[in-house]
Amino acid sequence: MTVPSGRRERKKAETRQKIADTALRLFLERGYDTVGIRDVAAEADVAVTTVFSHFASKEALVFEQDQDFEQRLTQAVTSRAPHEPLLPALRREIQALVRHCTADGAAPIWRMIDESPALREYEESMRLRHAESLATAIAADPDLSQTTTACRTIARFVIDAYSLARDAAEPQSAVDEIFQMIEAAWAVTCPSKNSTGTA
């Protein structure tokens, strides 16, 4: 998670995290559908308007690291070392995200998401948004010079790699297996050293 600077920013971040942690605890204890925004606000000892100033919807409370994940994915492209191939950088970030989302205690959260149509729909829209942001970052890289379609396709593959690996019996092995296929697909459109690290 991005560390905020400045006292005011830190205070806002602390309040946001407190609301998210409270909401998740209530959702897991009582069930997602039975807990309302007012319940979360009361338990977190904040106003309802404060909840909405940090989160646009009830669903967003569950995916509180949404923006952080999206930023990490795009920075894997934009902040990689000069001449570093694209896909190894993305693979490292996906591996880190998968580790985070398969850590101890995560299973009940994903079970709750799977059981809620509203949360599944929100997650799908979030994934599409992440894929578009990632595609934009790839397309803006002058060393890659790919078509919009190629950038969007690879971005979708990368985002799907995260979801597929998260659900696999051996998540990290799944990331490696999926990225072998992604690298093969990318090599077809980008047969340069910037694709997978091979000449």
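Residues numbered from 1 in each chain as written. Predicted model: local features only at pLDDT ≥ 70, side-chain atom pairs only at ≥ 80, totals over all residues. Heavy atoms only, no water.

Draft legend 1. A look at the packing of aromatic side chains. The full count for this structure, using the stated rule, is two aromatic pairs. Ring centres 5.4 Å apart and planes at 20° place the aromatic pair F63 and Y122 in the stacked group. Of this pair, F63 sits in the loop between α4 (58-62) and α5 (66-78) while Y122 sits in helix α8 (residues 117-139); the two residues are 59 residues apart in sequence, bridging distant segments of the chain. Residue F63 is classed as buried on the basis of its relative accessible area of 8%. Positioned over the ring face of Y32 is K58, at 4.2 Å from the centre of the ring. Positioned over the ring face of W110 is R166, at 3.5 Å from the centre of the ring. (Phe/Tyr/Trp six-rings, centres within 6.5 Å; stacked < 30°, edge-to-face > 60°. Helix = DSSP H or I, 4+ residues; strand = E, 2+ residues; numbered from the N terminus. Buried < 20%, exposed > 50% of the residue type's maximum accessible area, 1.4 Å probe, protein only. Lys NZ or Arg CZ within 6 Å of the ring centre and 35° of its normal.)

Draft legend 2. Representation of the layout of surface pockets in the model. Its volume calculated, the largest pocket comes out at about 500 Å³. Within the residue set of the lining of the largest pocket, elements represented by two or more residues are α1 (7-30), α4, α5, α6 (86-101), α7 (107-115), α8 and α9 (148-167). Across the lining of the largest pocket, the residue classes tally to 18 nonpolar, five polar and seven charged. (1 Å grid on protein atoms, 1.4 Å probe; cavity = no way out; pocket = protein on both sides within 12 Å on 5 of 7 lines; lining within 4 Å. Points joined across faces, edges and corners; volume = space filled by probe spheres on them. Nonpolar A, V, L, I, M, F, W, Y, C, P; charged D, E, K, R; others polar.)

Draft legend 3. Geometry of the confidence of the model for the protein. Scored by pLDDT, the protein comes out at a mean of 88, with 92% of its residues at no less than 70. Mean pLDDT across the elements of the protein ranges from a minimum in helix α11 (residues 193-196), with 46, to a maximum in helix α2 (residues 37-44), with 96. (pLDDT = per-residue confidence, 0-100.)

Draft legend 4. Spotlight on the packing of α8 against α9. Where α8 contacts α9, the axes come no closer than 8 Å and their chain directions differ by 135°. Of the possible angle classes, the one that applies to α8 and α9 is oblique. For the element pair α8 and α9, the recorded crossing hand is right-handed. Residue-level inspection shows E123, R127, L128, H130, A131, E132, L134, A135, I138 and A139 of α8 in contact with α9, the latter providing C151, R152, A155, R156, V158, I159, D160, S163 and R166. Taken together, the residues that form the contact of α8 with α9 break down as ten nonpolar, two polar and seven charged. (Axes fitted to C-alpha atoms, helices over the stretch in contact; angles between N-to-C directions. Parallel < 35°, antiparallel > 145°, perpendicular 65-115°, else oblique. Left-handed = near helix turned anticlockwise from the far one by under 90°. Contact = heavy atoms within 4.5 Å.)

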